[in-house]
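# Structural features, examined
Spelled out from the first residue to the last, the chains are:
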Amino acid sequence: MILKHKTFGIVLVCFIISILTFNACQNGGETSQEPVQVLIFGGGDHHDFDRWFHEEDRAIIERIGAEVTYTDNPDDVIPALDAIDILYMNTNQAIDIDEMPDRIIEFVEQGNGLLLVHASTWFIWDWPDYYRELIGGGSSSHGPLGEFDVYVSDTTHPVMQNVPAEFTIYDELYRFQRDEEGTDMHILAIGIEPDTGDEYPVAWVTEHGDGRVVNITLGHDGRAHQHEAFIAMLENSIEWLMNN
């Protein structure tokens, strides 16, 4: 009789554990993390923002599990900052919102992620703190749209995982200008201007407050956005920013 009671007790415990496990699986939303929220802010001239940044990049980022929203309206950005984890900017439009640069800087300071691609690393706006504290400088010229070589200067960084050590891309090579008082830049990849041999950073990371920033100057059109190296950098950037 003692053995029977003991056996019954073991069976009962196993049954309870199985029920709890089943309920936990059924209510996975209570134990699993919410998806990372990403806002892509695009829009402006000289690029097909809707095709490459809205459709193409959004699909790439969603494949790694993030929830992505797109806007080309500057008025949408500040209200969204409290609800997102990563702001992905590539826009070359005029922005007449005085508090925009300060709010973006504050967003990063609080521990969130910022991905600045192509036009958003260009000297478009009169935002000195934005360029100095988040980027480390900016660009005001580039070589002609065409092929140039890129080599990875830090193959061990997470943003460069699965990126070829050297590759050729058809894009615009931004002639980056370092701000002497700018934030520390950890350069990840460098582009070589074909005619002159001059070298310019095309990918680097910075930190500000508790947050991280990834800067990528590539991304003019589909020849960049569908390039294996760009896709890998985009995926890696979001994952690295997610894991801050």
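Everything here concerns the structure above.
Residues numbered from 1 in each chain as written. Predicted model: local features only at pLDDT ≥ 70, side-chain atom pairs only at ≥ 80, totals over all residues. Heavy atoms only, no water.

What follows deals with the packing of helix H3 (residues 49-63) against helix H8 (residues 228-242). Two elements in contact, H3 and H8, have axes whose closest approach is 10 Å; the angle formed by their N-to-C orientations is 55°. One finds that H3 runs oblique with respect to H8. Taken as a pair, H3 and H8 cross one another with a handedness that is right-handed. Contact residues: Asp-57, Ile-60, Ile-61 and Arg-63 in H3; Phe-230, Ile-231, Leu-234, Glu-235 and Ile-238 in H8. (Axes fitted to C-alpha atoms, helices over the stretch in contact; angles between N-to-C directions. Helix = DSSP H or I, 4+ residues; strand = E, 2+ residues; numbered from the N terminus. Parallel < 35°, antiparallel > 145°, perpendicular 65-115°, else oblique. Left-handed = near helix turned anticlockwise from the far one by under 90°. Contact = heavy atoms within 4.5 Å.)

The subject of this paragraph is the side chain of Asp-154. Note on placement: Asp-154 falls in the loop between strand S6 (146-152) and strand S7 (166-171). In this structure, Asp-154 is buried with no salt-bridge partner, the nearest side chain bearing the opposite charge being Arg-212 at 12 Å. At 2.6 Å, the side chain of Asp-154 forms a polar contact with the side chain of Thr-156. Within polar-contact distance, the side chain of Asp-154 engages the side chain of His-186 at 2.7 Å. (Buried < 20%, exposed > 50% of the residue type's maximum accessible area, 1.4 Å probe, protein only. Lys, Arg positive; Asp, Glu negative; His and termini not counted. Salt bridge = Lys/Arg side-chain N within 4 Å of Asp/Glu carboxyl O. Polar contact = N/O pair within 3.5 Å; in protein donor to acceptor, adjacent residues only side chain to side chain.)

Counted at 1.5 Å a residue, the expected span for H8 with its 15 residues is 21 Å, and the 21 Å between its end C-alpha atoms agrees. Regarding H8, the residues found buried are Ala-229, Phe-230, Ala-232, Met-233, Leu-234, Asn-236, Ser-237, Ile-238, Trp-240 and Leu-241. (Expected span 1.5 Å × (residues − 1).)

What follows covers unusual backbone geometry. Notably, His-118 is not glycine yet its phi reads approximately 50°, a positive angle. In this structure, His-118 sits in the loop between strand S4 (113-117) and helix H6 (128-135).

Here we come to the pairing of S7. Here S7 shows a buried face lined by Phe-167, Ile-169 and Asp-171 and an unburied face lined by Glu-166, Thr-168 and Tyr-170. Pairing analysis gives six bridges linking S6 to S7, with the strands arranged antiparallel. Pairing of Gly-146 across the sheet is with Asp-171, part of S7. (Pairing = 2+ DSSP bridges.)

Moving on, we come to the pattern of salt bridges. Evaluated as defined, the whole model comprises seven salt bridges. When the shortest N-O distance is used, the salt bridge between Glu-55 and Arg-51 registers 3.9 Å. Of this pair, Glu-55 and Arg-51 both sit in helix H3, four residues apart, which is roughly one turn of that helix. According to the relative accessible area criterion, Glu-55 is partly exposed, its value standing at 43%. In this structure, Glu-62 engages Arg-58 in a salt bridge whose closest nitrogen and oxygen atoms are separated by 3.2 Å. Placement of both Glu-62 and Arg-58 in helix H3 is noted, with a separation of four residues, approximately one turn of the helix. We classify Glu-62 as partly exposed; its relative accessible area is 38%. On the accessibility criterion, Arg-58 (26% relative accessible area) is partly exposed. Shared partners join several salt bridges into a network, and the residues in it are Arg-51, Glu-55 and Glu-56.

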